[in-house]
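Structure at a glance
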Amino acid sequence: MFFFSGGLLPLGLANMLSSTKSVSGTPSSNKRRHRPSRPSTVAHSHLFLTRALSNRRLRTKRKIPGLLVGDPKQNGVRASSSGLAQDKAEPRELRSLVGTEWQLSYVTPLFRFCYTQLKSYARQLAAFVASETAAVAAADLAVNFSVVRGLAGTDWDAEAVFIQISAGGDKSAWSGWLACVNGYPDYLRSLPPDFVCLPLLAGRGLEPLGVAVRSWLSRTFDCSAAPLEMSHAVLQWLMALWVDAWDGRRRQQRQPSRELVAIWTLPAEPPLRVRMSVDSRDAGELWSSVRDPEALREGSPEGEIGWEEVSRFTKGLGGHFYRHFKVDLSAGNLARVATEAGAATREGRLKIHDMGSLNATLSLLTECALLKMPM
Amino acid sequence: MDQVECFLRRLVRRIPTEVLKVTLEKWGRLPRQQNIDFKQTKWALADELIALSKENGWTVRHITELEMLYVIDNPNQGMWHVFQLVDPEPDAQAVGFIRFKEQFKLHLTELVRHMSIKMKKNTDEAIWIRIAWGDSYSGPNNMLPTYVVHYLQTPYVFVTRLKSKQKPFLFQALIMATRYKTIKDASLSGRKFTDIRDLLMQQYGQVFPARCPSPLEDRPQTVSHPHVYREHAKTELNRQQMAYEAFGSGKLPQLQSAVYKLETKFKDPTNQTMTKREKPFKCVVTFASTNLLESLRHCASSGIASTPVTPLLSFIPRKGRNYFVITDSAQGQSTVNNTLPN
């Protein structure tokens, strides 16, 4: 639930918010052709702030970062124009994001979260976890909060916070991070100053500890946290973003080896799972063929991909499938998408293999979390 | 004795208690007055059986009998692969159980040292073979035996738990014993032995009724008003009929997956770039479900799959296969190939 102290907003602020138009990049994005992420009948409440999010849909155009240069494991992170500012990046923490599987949740804005009180929060969380769960013995418990710069995309994004719970020395029992990457600027501007918006929470480790952390966050900062499910549209976006990252790498003559795997579930009795595994080069060529011609100009370092292109890509795969099996994949939903650059499931499990697509992936997921928040 | 203890303990751990009770009774080697408490823990049960084995002098051979009884009565475990014998010699039909047994044991023991073979003929004419493989340095490994089932007079051989390095020896012994020239992969595999056997031998209720029970007649009438007309009743009936024709009616054998390796060209009128490509669009499609044929039939009858059902899907029950390689033929149509997967 979205609470703030002191009742309704001041009238001036409410008026400003009620006249806020939704963000649109290009005229084509005004045509909302894809499915809405939440019904627009929801949330006509007395809180004027809700209007800023409840009418939104996923952005229909996304900027894609530049390509990764060099192998992050060997040469350190050098991402050209990837949105990760070189001087602010802390490679070690950011590298820890890559290569592990995270369970995603969304978190509503945190009330009175102070970056200066991280040590106190660590102590409180340690005490809470020790009392709530028997998973880790209290004496071994060590909790650490740290700020990691480099993930915040715009000036309105709050800096990311890393949480580490270790048991018995260096052994990590649970680790997670809260981040906001390229969130909706007008929504973030509209939040009262007491609120910090870090909508994306990712965690891995012992499940009881994850539950305890979410519970502590909701008690301490008057927010709510719940698992983030990735819808059919979000998984299609991720598939397109990751295949696009390949396609660029292929043009740089670095051959990716892992094929594109997409798994649909169809509502038959018993449920049918269809796994389609496409050769990486063929997937890249299909992606290039569905791009709008002006976007494929050579020499443009940062392009945009649009929802129409993503939709054409998925329809292309579905059409090839239909030609052979006469089964319509649009009767079902995507359950899992895995590529060279990353893997994601409908239940909110995410694994990123490639630093270059980190920014684009996290921007999409931040948006997804913002839209999932109950308002 | 140590080997017997190990083997027996492992077997007790693996077999559920109720099934173990039935299997021990069938085995018949327990002393008649012995009353074993099957409610105790598995470890205690194993201890009791090991004590009995020492008293009664049970050997590894006796324990393998017990294991074989268990596997024959509960064959729906592990992964079964089907192979097909090809090109029979003129006297292949005359091979009986005794001759097969002699020839098989002879040839296999010539090829591989230190192994143990146990053969049993079941009441349904199936020959069950248990092979514990060994080599020059060690005796037969009873912990990881291969099981082979062959129905004489049919060309099919069902195998589970066979390593790829053991394959050539088994195949050689089989073709020598059955008097066939060669053996190939039948491209069929599954977890349930009885179901894949039924699928292959066409023993399930693959009845194609001339008239399918109408969906209207089967379902309880929720709307009884005479002025209400079900618009889609006829199309539903058509779909259901075609689904039954493709897959059969009644209970279907349980397959878990079907794999299609597609190497066909990408054809899409809205995407000229990809359609003009000469090389094939390579992808592998896997259908998976707890009961694949049931799911596919439901897809066809509910409209998720367009009817008439495409031959690629109806080949699964018709040809008894679940691995296919699809390529473009000279005429530009998709063809199904018989290929050997690894």
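Residues numbered from 1 in each chain as written. Chains lettered and ligands numbered in written order. Predicted model: local features only at pLDDT ≥ 70, side-chain atom pairs only at ≥ 80, totals over all residues. Heavy atoms only, no water.

1. Remarks on the packing of helix H1 (residues 2-14) of chain B against helix H4 (residues 60-73) of chain B
Residue and element names in this part refer to chain B.
- At a minimum axis separation of 10 Å, H1 and H4 run at an interaxial angle of 15°. Here H4 runs roughly parallel to H1, going by the angle between their axes. Between H1 and H4 lies a crossing of left-handed hand. Counted together, Gln-3, Val-4, Phe-7, Leu-8, Leu-11 and Arg-14 of H1 and Val-60, Ile-63, Thr-64, Leu-66, Glu-67, Tyr-70 and Val-71 of H4 form the full contact between these two elements. (Axes fitted to C-alpha atoms, helices over the stretch in contact; angles between N-to-C directions. Helix = DSSP H or I, 4+ residues; strand = E, 2+ residues; numbered from the N terminus. Parallel < 35°, antiparallel > 145°, perpendicular 65-115°, else oblique. Left-handed = near helix turned anticlockwise from the far one by under 90°. Contact = heavy atoms within 4.5 Å.)

2. Examining the pairing of strand E3 (residues 126-132) of chain B
Residue and element names in this part refer to chain B.
- Taken across its seven residues, E3 has seven buried, putting it largely inside the fold.
- Taking every second residue as pointing to the same face, both faces of E3 are buried, with Ala-126, Trp-128, Arg-130 and Ala-132 on one and Ile-127, Ile-129 and Ile-131 on the other.
- As defined by bridge partners, strand E2 (residues 116-121) adjoins E3 across six bridges and the pair is classed as antiparallel. In the sheet register, Ser-116 faces E3, and the bridge partner there is Ala-132.
- Hairpin connection from E2 to E3: four residues lie between these consecutive antiparallel strands, with Glu-125 at a positive phi of about 70°.
- For E3 and strand E4 (residues 146-151), the ladder comprises six bridges, and the chain directions are antiparallel. When the sheet's bridge partners are listed, Arg-130 is paired in E4 with Tyr-147. (Buried < 20%, exposed > 50% of the residue type's maximum accessible area, 1.4 Å probe, protein only. Pairing = 2+ DSSP bridges.)

3. Details of the nonpolar core
- Judged by nonpolar contacts, the single largest core of 176 residues is most densely connected at Phe-145 and Phe-325 of chain A together with Trp-128, Phe-158, Tyr-260, Val-285 and Phe-287 of chain B.
- Per-element tally for this core: the top contributor is helix H8 (residues 232-251) of chain A, with eleven residues.
- Apart from the residues lying within four places of it in its own chain, the contact partners of Val-285 of chain B are Val-274, Arg-275, Met-276, Phe-321 and Phe-325 of chain A together with Ala-258, Val-259, Tyr-260 and Leu-262 of chain B.
- Of all hydrophobic cores here, the second largest spans 28 residues; its members include Phe-100, Leu-108, Trp-133 and Ile-183 of chain B. (Core = buried A, V, L, I, M, F, W, Y, C linked by side-chain atoms within 4.5 Å.)

4. So, the confidence of the model for chain B
Residues and elements named next belong to chain B.
- Taken over all residues, the pLDDT of chain B has a mean of 85, while the share at 70 or more is 89%.
- Taken as a whole, residues 338-342 scores under 50 in pLDDT and shows eleven contacts with residues more than four places along the chain or in a different chain.
- Complex prediction metrics read pTM 0.81 and ipTM 0.84. (pLDDT = per-residue confidence, 0-100.)

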